[in-house]
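Observations on the three-dimensional arrangement
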Amino acid sequence: MPTIRKLAALSAAVVVNALLLALPAVVTLRADVFADPRFWLLLILASGLLVLEGRTSCDTGRYQPITRRDTLAHRLALAASVGLLGIYWLGVVCAGPVSWWLVLTGAVMFIAGSLLRGASIQQLGDHFRSDFTVPVHHRLVRDGVYRYLRHPSETGLLLVGLGAAVMFGSTVSLTLCLCILAPLTLLRIALEEQSLLEAFGEEYRAYRRNTGGL
């Protein structure tokens, strides 16, 4: 039964995602958007990201934010999601002419970011969350993708945003990614690092010396 509910939720999310991506074209009466193969490619890739995150993420609702830092973390996560949607929208309505290899490059970046984000969520399992409170008895994860990157989920999100902007050849979309999504991501990383240092101390300092942030 839980599996059926999860499948239904994922299906509904994919439908809502399709409607959201089509919204700018409908509002601006840009029927030509639907004739652009890049729109349909984005729709497939964005839906794949949703499904991947839905399949790998776990229920973390029992962890409630208990500090101002955690509340800020939830707001940053929401702002990043809105920023990513804005990158999609600007890419769709402000698309420029690009060569096929640039579209392919953007698509590869998008897929790589999705897989990296999905892998990080799956590896953390029950400990993946949007706030910064480290659960009691939580160990510092240093294997898998975390062997090479301290923040693979955030890295994946940036790759997705950059990939969408490159795929559409949209300088406006790229500007939003660099000026809004990137600073939000860096702020989140700074707050997360502070929480991890408080929780793990020297163990995290040693880990940080041997791995990259992004």
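Residues numbered from 1 in each chain as written. Predicted model: local features only at pLDDT ≥ 70, side-chain atom pairs only at ≥ 80, totals over all residues. Heavy atoms only, no water.

This part takes up the confidence of the model for the chain. When pLDDT is averaged along the chain, the result is 86; 86% of the residues meet or exceed 70. Confidence, read as mean pLDDT per element, is least for helix 1 (residues 2-27) in the chain (81) and greatest for helix 5 (residues 152-168) (96). A low-confidence stretch, residues 58-63 stays under pLDDT 50, and its non-local contacts, those more than four residues away or across chains, total 11 contacts. (pLDDT = per-residue confidence, 0-100. Helix = DSSP H or I, 4+ residues; strand = E, 2+ residues; numbered from the N terminus. Contact = heavy atoms within 4.5 Å.)

As a further point, take the nonpolar core. Ranked by size, the top nonpolar core spans 29 residues in total, and within it Leu-21, Leu-42, Tyr-88, Phe-110, Met-167 and Leu-181 carry the most contacts. Look past the residues within four positions of Phe-110 in its chain and what remains in contact with it is Leu-42, Leu-45, Ala-46, Leu-49, Tyr-88, Leu-159, Val-160, Gly-163 and Ala-164. Counting residues in hydrophobic clusters, the runner-up holds 10 residues, among them Phe-128, Val-141, Phe-200 and Tyr-204. (Core = buried A, V, L, I, M, F, W, Y, C linked by side-chain atoms within 4.5 Å. Buried < 20%, exposed > 50% of the residue type's maximum accessible area, 1.4 Å probe, protein only.)

Working note: α-helix, 3.6 residues per turn, so residues spaced by three or four point in the same direction. With 30 residues, helix 6 (residues 171-200) should reach 44 Å at 1.5 Å per residue; the first-to-last C-alpha distance of 41 Å fits that figure. The largest bend in helix 6 comes to about 30 degrees, at Cys-177. One or two steps after helix 6, the chain reaches Gly-201, where phi turns positive at roughly 55 degrees. (Expected span 1.5 Å × (residues − 1). Bend = angle between axes of the 7 residues up to and from the residue.)

Here the focus is the pattern of salt bridges. Should the charged atoms of two oppositely charged side chains come close, the side chains can pair. If you walk through the whole model with that rule in mind, you get 8 salt bridges. A salt bridge links Asp-32 to Arg-30; the shortest N-O distance between them is 2.9 Å. (Salt bridge = Lys/Arg side-chain N within 4 Å of Asp/Glu carboxyl O.)

Quick look at helix 4 (residues 100-124) now. Here helix 4 spans 36 Å end to end across 25 residues, near enough to the 36 Å set by a 1.5 Å rise per residue. Residues of helix 4 that are buried: Val-103, Gly-106, Ala-107, Phe-110, Gly-113, Ser-114, Leu-116, Arg-117, Gly-118, Ser-120, Ile-121 and Leu-124. Backbone geometry just after helix 4 places Gly-125 at a positive phi near 60 degrees.

So, about the environment of Arg-117. Its location among the elements puts Arg-117 in helix 4. Classification of Arg-117 by relative accessible area gives buried; the value is 16%. For the pair Arg-117 and Glu-53, spaced 64 residues apart in the sequence, the C-alpha separation amounts to 7.8 Å. Not counting residues within four places of it along the chain, the set of residues in contact with Arg-117 comprises Glu-53, Pro-152, Ser-153, Gly-156 and Leu-157.

Glancing now at the packing of aromatic side chains. Throughout the structure, instances matching the rule amount to 5 aromatic pairs. Here the aromatic rings of Tyr-204 and Tyr-207 are separated by 5.7 Å at their centres, their planes lie at 55 degrees, and the arrangement is tilted. On the criterion of helical spacing, the pair formed by Tyr-204 and Tyr-207 is a turn pair, its members being 3 residues apart in helix 7 (residues 202-209). Both residues of the pair, Tyr-204 and Tyr-207, belong to the buried class. Ring pairs connect the aromatic residues Phe-34, Phe-39 and Trp-40, which therefore count as one cluster. (Phe/Tyr/Trp six-rings, centres within 6.5 Å; stacked < 30°, edge-to-face > 60°.)

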